[in-house]
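Below are the chains, spelled out letter by letter.
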Amino acid sequence: MNTELPTIETGVSGLDEILYGGLVTGRLYLVVGRPGTGKTLLGMEFLQTGIAAEETVLFVHGEESRSEIVANASSFGIDLDSANFLDLGPDSDFFDADNAYDLVDSRDLESERFIEEIRGAIEEINPDRVLLDPISQLQYLEPSEYQFRKRLISFMRFLKGQGTTVLATMTPAASRNDNEVRSLSDGVVELERGDRGRRISVPKHRGIGQRDGTHGLEIRETGLEVYPSLLPTGHAAEFGPERLPFGIDELDALLDGGLERGTATFVAGPTGVGKSTVGTQFLGEAAGRGDHPVAYLFEESPKTFVHRSESIGIPVSEMEAAGTLAVEAVEPLALSAEEFAQRVRERVETTDTGIVMIDGVEGYKVALQGEESTLGRKLHALIRYLKSENVAVLLLDETDQVTGMPSATSANISYIADNVVFLNYIETDGELRKGIGVLKKRAGNFERTIREFEITPDGIVVGEPLTGVEGILEGTPTSRPTANNPK
């Protein structure tokens, strides 16, 4: 990353972060995307940022009229009234109004004369920023690909000589010209829109570099919002042996006192076994200590979460009202993984949140935008960040096995876990019971037994270790002879 080159901001904060500060002054950048991906909107924000900095800006357009462009920008709260406009459309008239520049109809001119007129207009305006929307309108003026490449190189050198920073939009096409424009540009920003939401990437940023990969993108009432992929901070908070208890003696005994701060814990088990209740118990205890815990609900509404918790004596509403506990529901496909991670990060850094619960892992993968194959990596990055901030993370994970424990978790991300607590159903002597145990604890010791687990109107009850039963993890529990039970 080269930080010595002069840069200007695009006006889209997340994009500037991906670009390591912004666009290099006096260079040409390409914004590539299908119709409706936000190319022109990005360009409008680029120009508006220049206007706010008292720069001279020029919008070179050919597909929409000036009035249409200004109206579209205004719908996002973008004011382009003071921008200069150069209309290259076939029916345009130039130099007939303020901030407009008259060129003879392109159909009556040789391409070289036409380009020279464009150069003359730019020299007269002397803009700091130019939006060329789209760049293909220059391509149509040339009789051959060779001439287009030659003309584009000449045009780029001219703009650099003027010190003008140019943003040009382009619809991708499988053609040599497409490759030529990408090759000649100093940077490429790609916008995508699919069934799993919008994405943005920067495959090229000459001279500075960029944050690789794809990132979250949204178009909202105020314009473009970019959410860079979360990277763990370069520092890690000092890991200490502080254990955070559940407040239930028998459960804390299983975990040798509780869960360590700065670790990630999976609470795994089949549906209805009590995973959320165990997690809420942990949050309630943390709220009383002043850890400002937060629960992100991907599979349950806040109303049912609160009702279920309060029915067993955990006063969630009171803790929310006091500001000691936060509960947030995540609407399906409303957020990208990057935007969700940014929300979590902002809460941790502004409210001293020490405990984060994600309920549940499969809901996270279904509810958030993005390819399922990459969401596991996004979750991993979020957990690494939280651990680096010394936050204790609780992930509730549903397994599809009602009895037995064929795998520690349902997802292929169990390597993230520092601790694995499991709950399961146990059938003994024709009676269905529940058990709780610990499969893994990296930072400390744990009890190698399974204890009976029950949810009552008065809260969670964890019993003594089940010493007279074996085969529970295989799903085939059988009684084992003991001194008290010789059979």
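Presented here is an overview of the structure given in this document. (Residues numbered from 1 in each chain as written. Predicted model: local features only at pLDDT ≥ 70, side-chain atom pairs only at ≥ 80, totals over all residues. Heavy atoms only, no water.)

### Some points on the sheet that holds strand β22 (residues 459–465)
Then, number 1: Within the open sheet, the nine strands sit side by side as β16-β15-β17-β18-β14-β19-β20-β21-β22. Their pairing is mixed. Because the sheet does not close on itself, it has two edges, and the strands there are β16 (326–329) and β22. Across the sheet, the mean angle from the axis of one strand to that of its neighbour is 25°, orientation sign disregarded.
Then, number 2: Here strand β14 (residues 264–269) runs beside strand β19 (residues 419–428); their pairing, made up of four bridges, is parallel. Within β19, the residue paired with A268 across the bridge is F422.
Then, number 3: Sheet contacts for helix α10 (residues 302–310): β15 (294–297), β16 and β17 (355–359); angle to β15, the most-contacted strand, approximately 125°.
Then, number 4: Each of β15, β16 and β17 is contacted by helix α12 (residues 337–351), which is oriented at about 165° to β15, the strand it contacts most. (Pairing = 2+ DSSP bridges. Helix = DSSP H or I, 4+ residues; strand = E, 2+ residues; numbered from the N terminus. Axes fitted to C-alpha atoms, helices over the stretch in contact; angles between N-to-C directions. Contact = heavy atoms within 4.5 Å.)

### Regarding the packing of aromatic side chains
Then, number 1: Taken as a whole, this structure holds six aromatic pairs when the rule is applied.
Then, number 2: Geometrically, the ring pair formed by F246 and F282 is tilted, given 4.7 Å between the ring centres and 40° between the ring planes. Taken as a pair, F246 in the loop between β12 (243–244) and α8 (249–254) and F282 in helix α9 (residues 275–289) lie far apart in primary sequence, 36 residues in all. The residues F246 and F282 share a single accessibility class, namely buried.
Then, number 3: With centroids separated by 5.2 Å and ring planes inclined at 75°, the aromatic side chains of F298 and F340 adopt a geometry described as edge-to-face. (Phe/Tyr/Trp six-rings, centres within 6.5 Å; stacked < 30°, edge-to-face > 60°. Buried < 20%, exposed > 50% of the residue type's maximum accessible area, 1.4 Å probe, protein only.)

### Notes on the sheet that holds strand β9 (residues 197–205)
Then, number 1: Taken in spatial order, the nine strands make up an open sheet running β5-β4-β6-β7-β3-β8-β9-β10-β11, and their pairing is mixed. Looking at which strands have only one partner, the edges of the open sheet turn out to be β5 (84–87) and β11 (223–227). Strand-to-strand, the axes of this sheet are offset by a mean angle of 20°, without reference to chain direction.
Then, number 2: Each of β9, β10 (214–220) and β11 is contacted by α12, which is oriented at about 85° to β10, the strand it contacts most.

### Let's talk about α10
Then, number 1: Taken as a whole, α10 has its buried residues at F305, V306 and S309. Angularly, the buried residues of α10 cover 95° about the axis, an arc narrow enough to put them on a single face. Across α10 from its buried face, at more than 90 degrees, point the exposed residues K303 and H307.
Then, number 2: Its buried side turned inward, α10 meets α9, β15, α11 (316–322), β16 and β17. (Arc of directions from axis to C-beta.)

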